[in-house]
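Fold and geometry: a report
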Amino acid sequence: MKILIKNGTVINATGRQKINVLIENDKILKLTNSDEKADKIIDAKEKLVMPGLIDMHVHFRDPGFEYKDDINTGSECAVAGGVTTCMCMANTNPVNDNRTITEAMIKKAKAKGLIDLLPIGAITKDFEGKKIVEMGDMIEGGCVAFSDDGLPVTDSSVMRQALEYSAYFGTFVINHCEDCSLCHGGVMNEGKVSAILGLKGMASEKEEIMVARDLLLAKKTGGHIHIAHVSSLWSLKLIEQAKKDGINVTCEVTPHHFSFDENRLITYDTNYKMSPPLRTNKDLAAIRTALKNGMIDVIATDHAPHSWDDKFVEFDKAPFGILGLQTLVPLTLNLVKEGIISLEKMVSLCSARPAEILNIKNKGEIKAGNIADIAIIDPDLKYIYDKNLNKSKSINSPLFNKELTGAAICTIKNGRVVFEFPNIVA
């Protein structure tokens, strides 16, 4: 089957051009200025044609917590957000700490057929922080990286082993950076707002201390450390210095951390409760500056669904986490509109650089021969993000029932249209 995407502006990390894209079966056949014959023609006039987005940090809650989301609904959320490849964290039940669970996750995603699911294996057995998993076996089963996300690896000797083993196998480690001894029971950023609200805070040093430790261990071992969901100014300073010193480090930020600060919690809205927490306006400004100057490698959503019952409780008791896949495009386009990043940089952060980190040669760029994973974006589309559009089983987003601008209106995976924006607009 052939698909022709015509009249659109193709955006790659290296530049943009007004050109048509011809797809044959699962590959991009060529970029052309002519009207080619095709079985399906998609008119992308005044639209952006981007390589399918790659999200390096999602939670699909499957197996074990399928009432929040599962691989099927998570896949639907992804393609509705222009995302065609997702890396799933291991904090499932049972924990993804062995090859059998890894392979079962991949099998379920393939049966759904919407995305490429790349599991992240646990660093330690059962998330206990003591014994390293069988990394080699799990890599053979399909794991692409390792993380005890949600729980930090507090034992430095264990983290050192993880970095050494992962380096041997040519993969990397992602740590949820928290020094849990610094503040037990914290529910938001420690500062003026937490004092006003009477809520126990989490000092930014809780993150920064662990970032510093992991960078030093990466220096010692030569292993690749990927710092997830960076939230503080000083974490960014530490990472920037490490990069200058040649330490093998990459990092990600989330849309919620570059869009909101701690003042959003003044109404006790649990949909703004996440870990790491929303921090000060200075931290938010530092993240935006780091995005602008190119120090950040990746934007990842940390898509973390929770049921209404879980979130509609007292603030202290609510779980951490926010939906992110279907709001990735509008929140990132806000950075473009504000002049913080270009469209080319958006593609780099959300597709090309993740593909490079994962050593995926045929994704992250719209060019002849690559896999036909494509997101067609309407940057000006206004709509209400509500139950009619939401693909998740959960609704834990502060943007739910709000007007947003910019969306993936068509997502193509392996040369097949897997999502089209419904005719529901504000």
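Named according to an unreviewed UniProt entry, the chain is Dihydroorotase originating from Campylobacter hominis. Its UniProt record gives the chain the following Function (unreviewed entry) comment, quoted word for word: "Catalyzes the reversible cyclization of carbamoyl aspartate to dihydroorotate." According to UniProt, the comment filed for the chain under the heading Catalytic activity (unreviewed entry) is "(S)-dihydroorotate + H2O = N-carbamoyl-L-aspartate + H(+)".

For the chain, the helix and strand inventory stands at 12 helices and 20 strands. Here the C-alpha radius of gyration of the chain, 21 Å, is about what a compact globule of 426 residues would show, namely 22 Å. The principal-axis extents of the C-alpha atoms in the chain amount to approximately 65 × 50 × 40 Å. In the chain, which comprises 426 residues, the share counted as buried stands at 60%.

On to the domain arrangement of the chain, then. On domain assignment, one finds that the chain holds domain 1 (2-48 + 370-420) and domain 2 (52-358). Relative to domain 2, the C-alpha centre of domain 1 lies at a distance of 26 Å. With 35 residues of domain 1 at the interface, the matching set in domain 2 holds 44 residues. Across the domain 1/domain 2 interface, buried area totals approximately 3100 Å², and carbon plus sulfur atoms make up 62% of it. A per-residue breakdown of the area domain 1 buries against domain 2 is headed by Lys393, Asn396 and Pro398, which together make up 22% of the total. For the pair domain 1 and domain 2, the interface holds 3 salt bridges. Lys413 is paired through a salt bridge with Asp116; the nearest N and O atoms lie 3.0 Å apart. Inspection of the region where domain 1 meets domain 2 yields 18 residue pairs in polar contact (both at pLDDT 80 or more). Going through the elements one at a time, strand E2 (9-12), strand E3 (15-18), strand E18 (374-385), strand E19 (402-413) and strand E20 (416-420) are the ones with two or more residues in the side of domain 1 that touches domain 2. A total of 8 residues in the side of domain 1 that touches domain 2 trace back to one element, the largest contributor, which is E19. Residue composition of the side of domain 1 that touches domain 2, grouped by class: 19 nonpolar, 10 polar and 6 charged.

The next subject is the packing of helix H11 (residues 328-337) against helix H12 (residues 343-357). Interaxial distance between H11 and H12 falls to 9 Å at its minimum, and their mutual angle equals 140°. The angle between H11 and H12 falls in the class oblique. As for how H11 packs across H12, the hand of that crossing is right-handed. Of the residues in H12, those in contact with Leu328, Val329, Thr332, Leu333 and Val336 of H11 are Leu343, Met346 and Cys350. Each residue belonging to the contact of H11 with H12 can be placed in one class, and the counts come to 7 nonpolar, 1 polar and no charged.

Turning to the sheet that holds strand E6 (residues 40-43), a few remarks are in order. In spatial order, the strands read E5-E4-E1-E6; together these 4 strands make up an open sheet with mixed pairing. Single-partner strands in this sheet number two, and they are strand E5 (27-32) and E6. Sheet twist, expressed as the average angle between the axes of neighbouring strands with direction ignored, equals 20°. In this sheet, strand E4 (residues 20-24) lies alongside strand E1 (residues 2-6) in antiparallel orientation, the contact comprising 4 bridges. Within the sheet, the bridge partner assigned to Lys2 lies in E4 and is Glu24.

So, about the layout of surface pockets. Of the pockets and cavities examined, the largest pocket occupies roughly 540 Å³. Around the largest pocket sit 32 residues that line it, and Asn91, Gly150, His176, Ser275 and Phe320 are the ones nearest its centre. Of the residues contributing to the lining of the largest pocket, the split by class is 13 nonpolar, 13 polar and 6 charged. Considered as a void within the structure, the second largest pocket measures approximately 250 Å³ in volume. Together, 17 residues line the second largest pocket, and Asp269, Thr270, Asn271, Trp308 and Phe312 are the ones closest to its centre. Across the lining of the second largest pocket, the residue classes break down as 7 nonpolar, 7 polar and 3 charged. Counting contributing residues, the lining of the second largest pocket receives three or more from each of domain 1 (2-48 + 370-420) and domain 2 (52-358).

As recorded in UniProt, the sites labelled "active site" (unreviewed entry) are Asp302. Relative to the assigned elements, Asp302 resides in the loop between strand E17 (298-299) and helix H10 (308-311). Beyond its immediate stretch of four places on either side in the chain, Asp302 contacts His57, His59, His229, Thr254, His256, Ser275 and Ile322.

All right, on to the pattern of salt bridges then. In the structure shown here, the tally under the stated rule is 25 salt bridges. A salt bridge links Asp310 to Lys68; the shortest N-O distance between them is 3.7 Å. Of the two residues, Asp310 sits in helix H10 while Lys68 sits in the loop between strand E8 (53-58) and helix H1 (71-80), which places them 242 residues apart along the sequence. Put simply, Asp297 and Arg353 hold a salt bridge, and the shortest N to O gap is 3.0 Å. One end of the pair, Asp297, is in the loop between helix H9 (281-293) and E17; the other, Arg353, is in helix H12, with 56 residues separating them in the sequence.

Attention shifts here to the UniProt feature "binding site: Zn(2+) 2" (unreviewed entry) in the chain. This chain's UniProt record puts "binding site: Zn(2+) 2" (unreviewed entry) on Asp149, His176 and His229. Annotated residues spanning 81 residues; largest pairwise C-alpha distance 10.5 Å, indicating a single compact cluster. The annotated residues that sit in the lining of the largest pocket are Asp149, His176 and His229. Within the element layout of this structure, Asp149 appears in the loop between strand E11 (145-146) and helix H4 (156-168). Accessibility expressed as a relative area gives 3% for Asp149, which makes it buried. In contact with Asp149, other than residues within four places in its own chain, are His57, His59, Met89, Asn91, Phe127, His176 and His229. Following the sequence through the fold, His176 ends up in the loop between strand E12 (173-175) and strand E13 (188-189). Ignoring any residue separated from it by four or fewer positions in sequence, one finds His176 in contact with Asp149, Gly150, Leu151, Pro152, His229 and Ser275. Reaching out from His176, the side chain makes a polar contact with the side chain of Glu178 at a distance of 3.0 Å.

What counts as what
- Residues numbered from 1 in each chain as written.
- Predicted model: local features only at pLDDT ≥ 70, side-chain atom pairs only at ≥ 80, totals over all residues.
- Heavy atoms only, no water.
- UniProt positions renumbered as here; feature names shortened; annotations may be inferred.
- Helix = DSSP H or I, 4+ residues; strand = E, 2+ residues; numbered from the N terminus.
- Rg over C-alpha atoms; globule rule 2.2 N^0.38 Å.
- Buried < 20%, exposed > 50% of the residue type's maximum accessible area, 1.4 Å probe, protein only.
- Domains from an automatic or database assignment.
- Contact = heavy atoms within 4.5 Å.
- Buried area = accessible area lost by both parts, 1.4 Å probe.
- Salt bridge = Lys/Arg side-chain N within 4 Å of Asp/Glu carboxyl O.
- Polar contact = N/O pair within 3.5 Å; in protein donor to acceptor, adjacent residues only side chain to side chain.
- Nonpolar A, V, L, I, M, F, W, Y, C, P; charged D, E, K, R; others polar.
- Axes fitted to C-alpha atoms, helices over the stretch in contact; angles between N-to-C directions.
- Parallel < 35°, antiparallel > 145°, perpendicular 65-115°, else oblique.
- Left-handed = near helix turned anticlockwise from the far one by under 90°.
- Pairing = 2+ DSSP bridges.
- 1 Å grid on protein atoms, 1.4 Å probe; cavity = no way out; pocket = protein on both sides within 12 Å on 5 of 7 lines; lining within 4 Å.
- Points joined across faces, edges and corners; volume = space filled by probe spheres on them.

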